Amino acid sequence: LVSPTTDDGLGFFKARVPMAASFFNATYGSPPTTAFPLYKQDGWTDDATVPLLLLSVAFTLVMHTWETLLDIRQHVRIAATGATVPSDLKELIGRVDPGDKQKLLSTLESKAPAARAYALAKSKFKFVASTFALLQALTLAFLGAQPYVWDVATAKSTAWFGPDYEIRTSLVFAGLWLAFETAVSMPFDAYSTFVVEQRHGFNKTTPTLFVTDKLKTLALTMVLGGPVFAGLLALVRWAGPRSLALYVGAFSFCVSLFFISIFPVVIQPLFNKYEPLEDGSLRTAIEALAVSVKYPLYKLFTVDGSKRSSHSNAYMYGFYKSKRIVLYDTLIKQADEDEIVAILAHELGHWKFGHTMVGFAVTQVYMTVAFLAFSKAMAWPTLYAAFGFAASENAAAGHTCGAPIVVGLLLFFNTLWEPVDHALSFLMTLNSRRMEYQADGFAVTLDKADALQRGLVKITHENLGVLDPDPWYSTYHHSHPPLVHRLRAIRRAAGGEASSKKKEL
C-alpha cells in the first residue's frame, strides 16, 4: 500500500499535469469542475487540482481537427487528380510494360476514374463516421457514462451472482460496453460493407455471413478474451505498483505466444476455408523460391477470401520450422505466376530482415513501458475523480484509490497515455514504410524487380488504390509508401543491383 507521506511515484504527473492545468486556467479561467460529468458516483468528492476531463477533451479535439485537415487535403487531392495516372507513374510503368499496347498502363488508366469514385466514397463515409465517433465520445464523457455503467454492472453482478466481486463485476462492465459499442458500430459496418464496398464491386459478403461473423467475433471475445482480461485484472491487483510492469510484461509475452499459436489452427478456420495449394507450376515456383532463401516452408495454402471481398492479399506466419504461406484466391486470379512469386519474394524479405520479430519485440516493450507508467499513475485520485468516480487517497483504499482496476486502466490509456499512443503510432507508421522498402529491395536481389513492379501495379488497380495521395496524409496514415515511390525505389535498387553484378563479372 502506498502511504501519502512517502514517495508514491506520482512525481511526474503531479509536477507536469498541473502545468497544463495552470496554462488552461490562466488562458480560459478556472473551469466549473463540479459541473461535469453529470453523473457521479455516491461518495464522489471534488478534486479541482487538475481539470483532467477538460484537458482530455481538448486533446481529443486537437487531434480530431488535425486528422480532419489531413482528410480534407486527401479528399481535395483525389477529387482533383484521382481520375488520371500521374506522368511520373506512367513513365515508371512503361519501363516494365513493354510493347506498343502497354496493356498494364491502359488498364490502370481505364480504372482510374473508378478508383477516384471509390476513394471519394470512402472519404465521405469517413467524415461522417469520425464526426459521429467524436460526438459520441464527448457525449459519453460529459454525461458520466463510465461511472454510470460501472454502477449498473455492480447492481447486475450482485443480482445475478451474489455479493459484489470486483473481477466478476469488471467482466459484466466490459460486457455492457462491448454490447453498446457493437450496437452502435453495426450500422456503420453494414453501410461500409453493403453500400460503399457493394457499389464499387468489392463486397461478396451476404447478410447472413455478415451477422454470423459478428456473432463468432463476439463469442471468441467472450470465450478467449474474458479469461485473459480477468487474469490481467487479478495480476494487477496481486502485483501492485512496484512489480506491475515486470509481471504484466511476462503475462503479455505468454498471451501473445498463445494467440499466435492458436490463431491459424483454431480462429482462422472459423471464418475461412484453407486448402493446400494444388500441385502445378505456381506451387513448384513458390517452393523453389523458399528453398533458394532457406525459408522453412511447412505448408502452402489458399484461402477463400473471395467469399467476403474481391480485395487480394498474401501473407506468411508460423514459428521456427513450421512456416506457412497463404495466398488469397483473389490474388491467384488477378496476378500472373511470376508476379505472385515476386510478391511472395517481398514477403520473404520481411522474414529475412526479421521485421515480424521486431514488431513482436516492440509490442512487448510497449506493454511493459505502458504498464510501468500506469503503475505510477494508478494511485492518483484525480484520475478517477475527474471522470465521476469516487476515489480516496487513503492508504486503505488500495492501489487504485478505491476505484476498480479496470476503470484505472480505461482512464489511464484513454487520457494520460493517449498522446504517447498517437506519437508511437506515427513512428511505427514511418518504420513500417521503411520496412516495405527493405522488403522490396530483397525481392530485387532475387531478380524479381520487373515482376514485382507489375504485381504491385495490378494489385493497385484491382483494389482501386489511390494513385496520387496527398503527401501529408500518406505519411501520417499509410503503412505502405505510395505506388510511385515504391516503383521508383525498386527501379533505383534494380539499377544498383545490375551495376553490382556487372562489377562482379
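Rules behind the numbers
Residues numbered from 1 in each chain as written. Predicted model: local features only at pLDDT ≥ 70, side-chain atom pairs only at ≥ 80, totals over all residues. Heavy atoms only, no water. Helix = DSSP H or I, 4+ residues; strand = E, 2+ residues; numbered from the N terminus. Buried < 20%, exposed > 50% of the residue type's maximum accessible area, 1.4 Å probe, protein only. Contact = heavy atoms within 4.5 Å. Areas by Shrake-Rupley, 256 points an atom, 1.4 Å probe, with all protein chains shown as cover. Pairing = 2+ DSSP bridges. Axes fitted to C-alpha atoms, helices over the stretch in contact; angles between N-to-C directions. Parallel < 35°, antiparallel > 145°, perpendicular 65-115°, else oblique. Left-handed = near helix turned anticlockwise from the far one by under 90°. Nonpolar A, V, L, I, M, F, W, Y, C, P; charged D, E, K, R; others polar. Phe/Tyr/Trp six-rings, centres within 6.5 Å; stacked < 30°, edge-to-face > 60°. Lys NZ or Arg CZ within 6 Å of the ring centre and 35° of its normal. Patch = residues over 30% accessible without salt bridge, like charges linked within 9 Å, V, L, I, M, F, W, Y side chains within 5 Å. Salt bridge = Lys/Arg side-chain N within 4 Å of Asp/Glu carboxyl O. Expected span 1.5 Å × (residues − 1). Bend = angle between axes of the 7 residues up to and from the residue. Polar contact = N/O pair within 3.5 Å; in protein donor to acceptor, adjacent residues only side chain to side chain. pLDDT = per-residue confidence, 0-100. Core = buried A, V, L, I, M, F, W, Y, C linked by side-chain atoms within 4.5 Å. 1 Å grid on protein atoms, 1.4 Å probe; cavity = no way out; pocket = protein on both sides within 12 Å on 5 of 7 lines; lining within 4 Å. Points joined across faces, edges and corners; volume = space filled by probe spheres on them.

### Things to note about the overall build of the chain
Each helix and strand in the chain was counted, giving 17 helices and four strands. For the chain, buried positions account for 42% of its 505 residues. Within the chain, counting contacts between residues at least 6 apart in sequence, those at least 24 apart form 78% of the total. Total accessible area on the chain stands at roughly 25500 Å², and carbon and sulfur atoms take up 64% of it.

### Considering the sheet that holds strand β3 (residues 314-317)
On the basis of which strands lie adjacent, the open sheet formed by four strands has the order β1-β2-β4-β3 and mixed pairing. Each edge of the open sheet carries a strand with a single partner, namely β1 (274-276) and β3. Taking the axes of each pair of neighbouring strands and ignoring which way they run, one obtains an average angle of 30° across the sheet. Inspection of the sheet shows strand β2 (residues 297-303) paired to strand β4 (residues 323-328) by six bridges, in the parallel sense. Looking across to β4, one finds that L297 is bridged to K323. This element, helix α8 (residues 281-292), spans β1, β2 and β4 of the sheet and lies at about 140° to β2.

### Quick word on the packing of helix α4 (residues 103-143) against helix α15 (residues 449-462)
Axis separation between α4 and α15 bottoms out at 10 Å; the angle between their running directions is 20°. Overall, the two elements α4 and α15 adopt an arrangement that is roughly parallel. The element α4 and its partner α15 pack so that their crossing is left-handed. Where α4 abuts α15, its residues L104, T107, L108 and K111 lie against R454, V457, K458, H461 and E462. Residue composition of the contact of α4 with α15, by class: three nonpolar, two polar and four charged.

### Examining the packing of aromatic side chains
Within this structure, the stated rule accounts for 27 aromatic pairs. Between F173 and W177 the ring centres are 6.3 Å apart and the planes differ by 85°, which places this aromatic pair in the edge-to-face class. Pair noted here: F173 and W177 are both in helix α6 (residues 166-199), with a separation of four residues, about one helical turn. Pair check on accessibility: F173 and W177 agree, each one buried. Taken together, the aromatic side chains of Y366, F371, F374, F412, F413 and W417 make up a single cluster linked through ring pairs. The ring of F271 has K216 sitting right over it, with the charged end atom 5.7 Å from the ring centre.

### A short note on a nonpolar patch on the surface
The grouping of V420, L424, L427 and L430 at the surface amounts to a nonpolar patch, some 290 Å² of accessible area in total. Checked against the element boundaries, V420 lands in helix α14 (residues 418-445).

### Some details on helix α13 (residues 405-414)
Within α13, eight of the 10 residues are buried, which leaves it mostly tucked inside the rest of the structure. Along α13, the positions that sit buried rather than exposed are I405, V406, V407, G408, L409, L411, F412 and F413.

### So, α6
With 34 residues, α6 should reach 50 Å at 1.5 Å per residue; the first-to-last C-alpha distance of 48 Å fits that figure. The sharpest bend along α6 measures roughly 35° and falls at S185, with the proline P187 sitting one to four residues further on. Of the residues making up α6, those classed as buried are I167, T169, S170, V172, F173, W177, T182, T193, V195, V196 and E197. Looking one or two places after α6, you find G201, whose phi comes out positive at around 80°.

### Some thoughts on the side chain of S170
Positionally, S170 belongs in helix α6. Exposure remark for S170: the relative accessible area of 0% places this residue in the buried category. Among the polar contacts made by the side chain of S170, one reaches the main-chain carbonyl oxygen of E166 at a distance of 2.7 Å.

### Side note on the confidence of the model for the chain
In the predicted model, the chain carries a mean pLDDT of 88, and the fraction of residues at 70 or more is 89%. Element-level mean pLDDT values for the chain span from 47 in helix α1 (residues 11-28) up to 97 in helix α16 (residues 471-477). A low-confidence stretch, residues 1-21 stays under pLDDT 50, and its non-local contacts, those more than four residues away or across chains, total 33 contacts. The low-confidence segment residues 26-33 (pLDDT under 50) makes eight contacts with residues lying over four places distant or belonging to another chain.

### Notes on the nonpolar core
With 46 residues, the main nonpolar core has V236, F371, Y384 and F412 as its most contacted residues. I286, A342, L344 and L487 belong to the second largest nonpolar core, which has 43 residues in total.

### What about the pattern of salt bridges?
Two side chains of opposite charge can pair, provided their charged atoms sit close to one another. Summed over all chains, the structure comprises 19 salt bridges. Residue R491 is joined to D450 by a salt bridge in which the shortest nitrogen-to-oxygen separation is 3.3 Å. Linking R491 in helix α17 (residues 483-504) with D450 in helix α15, this pair joins segments that are 41 residues apart in sequence. A residue is classified by how much of its surface remains accessible, and R491, at 24% relative accessible area, is partly exposed. Using a relative accessible area of 35% as the deciding quantity, one classes D450 as partly exposed. Via salt bridges that share partners, D336, D338, E339, R454 and K458 belong to a single interconnected network.

### Thoughts on empty space enclosed by the protein
Considering all chains together, one arrives at three cavities of 30 Å³ or more under this definition. Size it by volume and the second largest cavity reaches roughly 50 Å³. I78, G82, A115, R116, A119, G465, V466, L467 and D468 together form the lining of the second largest cavity. Here the lining of the second largest cavity gets three residues from one element, more than from any other, and that element is α4. Of the residues belonging to the lining of the second largest cavity, the class tally is five nonpolar, two polar and two charged.

### Brief notes about unusual backbone geometry
With an omega of 0°, the peptide bond running from F36 to P37 counts as cis. Among the secondary structure elements, P37 is positioned in the loop between α1 and α2 (52-81). Its identity as a non-glycine residue notwithstanding, D447 has a phi of 60°, on the positive side. With respect to the helices and strands, D447 occurs in the loop between α14 and α15. Look at D447 and you get exposed, because its relative accessible area is 56%. The phi dihedral of L464 is positive, around 50°, even though this residue is not glycine. One can find L464 in the loop between α15 and α16.

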